[in-house]
Structure formats: structure tokens, C-alpha cells
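Listed below are the residues making up each chain.
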Amino acid sequence: MPHTIALVDDDRNILTSVSMTLEQEGFTVRTYTDGESALQGLMARPVDLAVLDIKMPRMDGMELLQRLRQRSAMPVIFLTSKDDELDELMGLRLGADDYITKPFSQRLLLERIRALLRRNEAGRAEGSGTPAGGIIARGDLVLDETKHTCLWKGGQVQLTVTEFLLVKALAVRPGMVKNRDQLIDGAYGENIYVDDRTIDSHVKRVRKKFRAVDPDFSMIETLYGLGYRYKEA
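Nothing here was measured: the structure is a model prediction, and the numbers come from that model. (Residues numbered from 1 in each chain as written. Predicted model: local features only at pLDDT ≥ 70, side-chain atom pairs only at ≥ 80, totals over all residues. Heavy atoms only, no water.)

Within the element layout of this structure, Ser 19 appears in helix 1 (residues 12–24). In contact with Ser 19, other than residues within four places in its own chain, are Leu 7, Ile 14, Val 29 and Thr 31. (Helix = DSSP H or I, 4+ residues; strand = E, 2+ residues; numbered from the N terminus. Contact = heavy atoms within 4.5 Å.)

Here's what the structure looks like:
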């Protein structure tokens, strides 16, 4: 069954051209021209991945993402103008998995979509070689790859696909430092370029989510100039 992609943008030229490209690659595409209609449509009929513009009428991409994240962990890619650096960072903090700046290469967007879909499917499939049938337990942390769930001290931590894979990359080898390139490979896969700033924003959001469950959470450490590590228990 083909994957279904939602495109949300008030620029009809972008909707038409990107839809044609994705459909030629075998995807099913649903389009929306504003955030409010997209929210209604996506809540009624979820999709495998959504591509959202930031600046839209009726409801902008930031609010749409925030509303979606209250109910869904579907992968989300933001489309943003080159001058919207703060918007990019805010989008990542709200839970976007990736962003692409306009004007963009449709081939690049296609690669990012495929990478996110692969990661989403891998996160829901049983982990190859992972102990206990996809369970990773590190002290108070329990990651279940088969269900895509994360528990900290028994409390549920709601993670996006990207955030889940970042935590997994760190927790698999406690005490070992992972530089940003290694975390990018772990979360995005090889041959995908992502700005270091993107990883930093994801890590900040992951910490915030864990601290919502446990205000004293401090297991993910920053080693300035080197990267990040998950503390040894």
C-alpha cells in the first residue's frame, strides 16, 4: 500500500508541482491550503507524513504542529523561508522532525520524506539484534522499539520518531560520547545533510520532555566541543 503524504501550503503552485512529483514516485497525496482545514482533515484521516508551510492563513504551521502533537506522533517536515531562522528553531522545539528552506529542491524533499518514512517504520518494527525483543533498558529508562514507547521512572515520555532515535543512539552505549555527526547518522540515516543546530534543538526538546516527567532528569549530558552522552547508571 502506498504511503500517504499531506502537503499543507497556501501556495498552489507548490502544492501542484510537489504533488505531481510525489505521485510520480508512487505516493498518495492529500493537499490543504490552510492550517485549519489541514487539522480537520488530518484528525479525521491520519497520514504517514505531513509537510507543513509555516506562514499560512487561518492557522499557521506552528499552531498546526502544536495541535497535531497533542494527538499524533506522525513525522512532520517544515517548509520555511531562508530568513525564518527563529521559526525553524521554534518548529523543532515544538516537535517537527525536519525542516527545508525555500526555495528547495524537490529531489531533496523526496529524499527527506523517504528517510523519515524509513525511520518511522524501523521504529515500529522489532529491532534487529536488540535484547528482549526490541526493549532497551538503562536504569530508569525503558525504550520499546516495537511499540515506539519511552518510559522514564514508569512515566510515559512522548517522543517523535527523530527524538526516539536520538535517545536510542545515546542510551545504547551509556558513557560513550556521540558527536553531532554520529547522532545525525543515528537519527536521520547516512547521506542526509542536517545542520548541527537541528540536533541541538532536538536534544533540548528531549530534555524538556523528560523533565516534564521528572524535573531532576539529567542523564543526557553536553560535552562542549565534543557532543552528547547518556550517563552511566
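Looking now at the nonpolar core. Ranked by size, the top nonpolar core spans 24 residues in total, and within it Leu 141, Trp 152, Phe 210, Ile 220 and Tyr 230 carry the most contacts. Among the secondary structure elements, those contributing two or more residues to this core are strand 7 (141–144), strand 8 (149–152), helix 7 (161–171), helix 8 (180–188), helix 9 (196–213) and strand 11 (227–230). A total of six residues in this core trace back to one element, the largest contributor, which is helix 7. Look past the residues within four positions of Tyr 230 in its chain and what remains in contact with it is Arg 138, Leu 141, Trp 152, Leu 170, Ala 171, Pro 174, Gly 175, Met 219 and Ile 220. Among the nonpolar cores identified, the runner-up in size contains 22 residues, and Ala 50, Leu 52, Leu 68 and Leu 94 belong to it. (Core = buried A, V, L, I, M, F, W, Y, C linked by side-chain atoms within 4.5 Å. Buried < 20%, exposed > 50% of the residue type's maximum accessible area, 1.4 Å probe, protein only.)

A separate point is the pairing of strand 3 (residues 49–53). With five of five residues buried, strand 3 is to be regarded as a mostly interior element. The two faces of strand 3 match: Leu 49, Val 51 and Asp 53 on one face and Ala 50 and Leu 52 on the other face are all buried. The sheet contact formed by strand 1 (residues 4–8) and strand 3 spans four bridges and is parallel. Counterpart to Leu 7 in the pairing with strand 3 is Val 51. Here four bridges tie strand 3 to strand 4 (residues 76–81), and the two strands are oriented parallel to one another. Directly across from Leu 52, in strand 4, lies its bridge partner Phe 78. (Pairing = 2+ DSSP bridges.)

The subject of this paragraph is the UniProt feature "modified residue: 4-aspartylphosphate" (unreviewed entry) in the protein chain. Per the UniProt record, "modified residue: 4-aspartylphosphate" (unreviewed entry) is annotated on Asp 53. Checked against the element boundaries, Asp 53 lands in strand 3. Exposure remark for Asp 53: the relative accessible area of 6% places this residue in the buried category. (UniProt positions renumbered as here; feature names shortened; annotations may be inferred.)

Now for the pattern of salt bridges. If charged atoms from side chains of opposite charge come close, those side chains can pair. Inspection of the entire model under this criterion finds 14 salt bridges. Among the ionic pairs, Arg 58 bridges to Glu 36, the shortest N-O distance being 2.8 Å. Separated by 22 residues along the polypeptide, Arg 58 in the loop between strand 3 and helix 3 (61–69) and Glu 36 in helix 2 (residues 35–44) bring together distant segments of the chain. The partner of Lys 153 in a salt bridge is Asp 214, with the nearest N and O atoms 3.1 Å apart. (Salt bridge = Lys/Arg side-chain N within 4 Å of Asp/Glu carboxyl O.)

Time to look at the sheet that holds strand 3. Ordered in space as 2-1-3-4-5, the five strands form an open sheet in which the pairing is parallel. The open sheet terminates on both sides in strands that have one partner only, identified here as strand 2 (28–32) and strand 5 (98–102). Across the sheet, the mean angle separating the axes of adjacent strands is 20° when strand polarity is ignored. Helix-sheet contacts for helix 2 involve strand 1 and strand 2, and the interaxial angle to strand 2 is about 140°. (Axes fitted to C-alpha atoms, helices over the stretch in contact; angles between N-to-C directions.)

Once that is clear, we can look at the sheet that holds strand 9 (residues 155–156). Ordered by their spatial adjacency, four strands build an open sheet running 6-7-8-9, and the pairing between neighbours is antiparallel. For this open sheet the edge positions go to strand 6 (135–138) and strand 9, each flanked by a neighbour on one side alone. Sheet topology note: the strand 6/strand 7 ladder contains four bridges and is antiparallel. Across the sheet, Ala 137 pairs through a bridge with Val 142, a residue of strand 7. Across the face of the sheet, helix 7 comes into contact with strand 6, strand 7 and strand 8 while running at roughly 120° to strand 7.

Another aspect to go through is the pairing of strand 5. For strand 5, the tally of buried residues reaches four of five residues, placing the bulk of the element in the interior. Summarising the sheet, strand 4 and strand 5 pair through five bridges and their orientation is parallel. Of the residues in strand 5, the one forming a bridge with Phe 78 is Tyr 99.

All right, on to helix 1 then. End to end, helix 1 covers 18 Å across 13 residues, agreeing with the expected 18 Å (1.5 Å per residue, within 8%). Listed as buried for helix 1 are Ile 14, Leu 15, Val 18, Ser 19, Thr 21 and Leu 22. One face of helix 1 carries all of its buried residues, which in axial projection span an arc of 165°. In helix 1, the exposed positions that point more than 90 degrees away from the buried face belong to Arg 12, Asn 13 and Gln 24. Between the side-chain oxygen of the N-cap and the backbone nitrogen of Asn 13 there are 2.9 Å, and the N-cap of helix 1 in question is Asp 11. Two residues or fewer after helix 1 comes Gly 26, characterised by a positive phi angle close to 95°. (Expected span 1.5 Å × (residues − 1). Arc of directions from axis to C-beta. Polar contact = N/O pair within 3.5 Å; in protein donor to acceptor, adjacent residues only side chain to side chain.)

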